[in-house]
Amino acid sequence: MTASSTYLRACGLSELEEDTPKRVELDGTPVSVVRTEGEVFAINDICSHANVSLSEGEVEDCQIECWLHGSAFDLRTGKPSGLPATRPVPVYPVKIEGDDVLVSLTQES
């Protein structure tokens, strides 16, 4: 296994509330971990438009909304669904092992 595909423990599955983002730092990278619609997603926690924490926003329809200007990002792809953001944010692979939520900082998109 190469260093780039190493999974790091982000948090416990039991720590995640449905549709409530949890901010964690993995190797200095801010990550928002979200449990929604029966899945767990990991997305870079910094909005590509305004450099603010996405984990302070709301989750709905598998999207996380930036609280500052209202841009929403798809938790599966990181792509923004509307202005003012035009650039996607990185999303990361997630594995669940027991109660551990493991995230790889290797970007999926």
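Chemist: Looking at this structure, I do not really get the packing of aromatic side chains. What am I missing?
Modeler: Taken as a whole and judged by the stated rule, the model has 0 aromatic pairs. Directly above the aromatic system of Tyr7 lies the positively charged group of Lys95, at a separation of 4.2 Å from the ring centroid.

Chemist: How should I be thinking about the pairing of strand β2 (residues 22–26) in this particular structure?
Modeler: As a general feature of sheets, a regular strand has side chains that alternate between the two faces. Summarising the sheet, β2 and strand β3 (residues 29–36) pair through 5 bridges and their orientation is antiparallel. Bridge pairing in β3 links Glu25 to Pro30. Count of turn residues in the β2/β3 antiparallel hairpin: 2 residues, of which Asp27 carries a positive phi of about 50 degrees.

Chemist: How do you make sense of the nonpolar core when you look at a structure like this?
Modeler: Buried together is how nonpolar side chains tend to be arranged in soluble globular proteins. Core analysis: the biggest nonpolar cluster contains 15 residues, and Ile43, Cys47, Leu54, Ile64, Phe73 and Leu75 have the highest contact counts within it. The next biggest cluster of nonpolar side chains, apart from the first, holds 13 residues, and it includes Ala10, Leu16, Leu26 and Val40.

Chemist: For this particular structure, what's the right way to read the environment of His69?
Modeler: The residue His69 is located in the loop between β6 (63–65) and β7 (72–74) in this model. Overall, the relative accessible area of 45% leaves His69 in the partly exposed class. In the structure, His69 is positioned 16 residues away from Ala85 in sequence and 8.7 Å away in space, judged by C-alpha atoms. Discounting residues that sit within four places of it in the chain, His69 has contacts with His49, Ala50 and Pro84. At 3.4 Å, the side chain of His69 and the side chain of His49 are in polar contact.

Chemist: What's the story with the pairing of β3 in this structure? I'm lost.
Modeler: Among the 8 residues in β3, 7 count as buried, and that is most of the element. Note that β3 and strand β4 (residues 39–44) share 6 bridges and pair antiparallel. When the sheet's bridge partners are listed, Thr36 is paired in β4 with Glu39. Where β3 folds back on β4, the antiparallel hairpin that results is connected by 2 residues, among which Glu37 adopts a positive phi of roughly 50 degrees.

Criteria and cut-off values
Residues numbered from 1 in each chain as written. Predicted model: local features only at pLDDT ≥ 70, side-chain atom pairs only at ≥ 80, totals over all residues. Heavy atoms only, no water. Phe/Tyr/Trp six-rings, centres within 6.5 Å; stacked < 30°, edge-to-face > 60°. Lys NZ or Arg CZ within 6 Å of the ring centre and 35° of its normal. Pairing = 2+ DSSP bridges. Helix = DSSP H or I, 4+ residues; strand = E, 2+ residues; numbered from the N terminus. Core = buried A, V, L, I, M, F, W, Y, C linked by side-chain atoms within 4.5 Å. Buried < 20%, exposed > 50% of the residue type's maximum accessible area, 1.4 Å probe, protein only. Contact = heavy atoms within 4.5 Å. Polar contact = N/O pair within 3.5 Å; in protein donor to acceptor, adjacent residues only side chain to side chain.

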